[in-house]
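Given next are the chains, with one letter for each unit.
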Amino acid sequence: MLSHLSAAIPPLYILWIAMAQVAGQEDREKTTALKDLLSRIDLDELMKKDEPPFTFPKTLEEFEYAFNEYGQLRHIKTGKPFVFNAREDLHRWNQKRYEALGEIITQYVYELLEKKCNMTKAILPEGYGVMVLNPNENYLEVEKPAKFSPLPSPTEPSDEPAEKRERKDDKEGKKKREFYEKYRNPQKETETERIPIRENGSSEEHVQYVWDHFVSKAAAKNVFIVAHSYGGLSFVELMNQREMQVKNRVCAVALTDSAHNIWLQETSKSTQDWMQQHCCNWVSSPEPLDTPLDPMLPDCPRVSAGTERHELTSWMSFTSIFRFFSEVLEAKEDEEAEETCNTVTTRSSSLKNKHQDL
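Described below are features of the structure shown in this document. (Residues numbered from 1 in each chain as written. Predicted model: local features only at pLDDT ≥ 70, side-chain atom pairs only at ≥ 80, totals over all residues. Heavy atoms only, no water.)

1. Some details on the overall build of the protein
Next up, step 1: When you go through the protein residue by residue, the secondary structure sums to 11 helices and 9 strands.
Next up, step 2: Looking at the protein alone, contacts between residues at least 24 apart form 67% of all its contacts between residues at least 6 apart.
Next up, step 3: Total accessible area on the protein stands at roughly 25,800 Å², and carbon and sulfur atoms take up 55% of it. (Helix = DSSP H or I, 4+ residues; strand = E, 2+ residues; numbered from the N terminus. Contact = heavy atoms within 4.5 Å. Areas by Shrake-Rupley, 256 points an atom, 1.4 Å probe, with all protein chains shown as cover.)

Okay, structure coming up:
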């Protein structure tokens, strides 16, 4: 019995090796085919296939959000703050939803400014005591007309090189996927193009345009500026371009978590000295409000905004900012009064001397 088994073992063993070799060859071929298939797939197109349509509510109520008595955006049912990842693994959809809600909030803020602050909405308004700039609106986004390309017709075999034929097959395969995708998902994201606003194509251009056409021509004697985040960078760029004008018109500047950098923006020493005397930057920090902080660059003093949240720095430092403005204005008026007094005294003394000469 043992000898019989021993004699049977070698052929069975050889058969197993042969089967393993065949199976291994098949696996390698399948792996190669799979890699080739994956190389031909447009992953971006695949990600879009399972996305829900980019259609969102048009009002805060439809979004089920509202502002509470403290001005905080909260979900009507849960009372929780806004959640970006409303749907897991759908980053593009979440981003579009976030942008749609942002547009609604923008209009809501406009309405508050008009109804609560008695302001009038106008394009680049002139003649008001307060100017609210929107340097983020630099272009118009318009839809591109839909373009449907016909399916490529089958081609006869050719004698062209295999590499060139594969590239052509890849290109035609992508066209086919796009063609079928447009019919499979008619609500696919509309293609758009951005048209820059003339002379306002960037935040820096917008600020300079408003300065040239409105602020510099305004009758206001004293100009104060509040600039948040990238607005601080835009203000420093304005100083780079209109240094003497800004120095002659602006009394003080309050920056909140400013994104400016005097080195990268190649700011002059004279501008840095002026900023040191006339600017203050309230930055995100765990320290109490108005706590002096170490200066990062030799431009202007830095103090704590009393919050670590970038978006809340303006709100949290609101009272301190206007106290800063009031102190600057008071000091300026005292200086002007003293200069006037000295001028009157000098003139009076001059007239007295002339009278004695007569």
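Having seen the model, we can carry on.
2. Considerations on the nonpolar core
Next up, step 1: In terms of nonpolar packing, the biggest core is built from 23 residues, with F235, V246, V250, V253, W274 and M275 touching the most fellow members.
Next up, step 2: Among the secondary structure elements, those contributing two or more residues to this core are α6 (203–215), β5 (223–228), α7 (230–241), β6 (250–256) and α9 (269–278).
Next up, step 3: Setting aside its immediate chain neighbours within four residues, W274 contacts F235, M239, V246, K247, V250, V253 and C279.
Next up, step 4: By size, the runner-up hydrophobic cluster in this structure holds 10 residues, among which are Y65, L73, A100 and I104. (Core = buried A, V, L, I, M, F, W, Y, C linked by side-chain atoms within 4.5 Å. Buried < 20%, exposed > 50% of the residue type's maximum accessible area, 1.4 Å probe, protein only.)

3. Comments concerning the layout of surface pockets
Next up, step 1: There is about 220 Å³ of room inside the second largest pocket.
Next up, step 2: Along the wall of the second largest pocket there are 13 residues; nearest its centre are V250, C251, H278, V328 and K332.
Next up, step 3: The greatest single-element share of the lining of the second largest pocket, amounting to 4 residues, is contributed by helix α11 (residues 318–357). (1 Å grid on protein atoms, 1.4 Å probe; cavity = no way out; pocket = protein on both sides within 12 Å on 5 of 7 lines; lining within 4 Å. Points joined across faces, edges and corners; volume = space filled by probe spheres on them.)

4. Quick look at unusual backbone geometry
Next up, step 1: The residue N118 is not glycine, and still its phi comes out positive at about 55°.
Next up, step 2: Tracing the backbone shows N118 in the loop between α4 (91–115) and β3 (139–143).

5. Describing α9
For an α-helix the count is 3.6 residues per turn, leaving residues at separations of three or four pointing the same way.
Next up, step 1: By the burial criterion, the buried members of α9 are T271, Q272, W274 and M275. Looking straight down α9, one finds its buried side chains confined to an arc of 160°; they lie on one side. Set apart from the buried face of α9 by more than 90 degrees, the exposed residues are K269 and Q277. (Arc of directions from axis to C-beta.)

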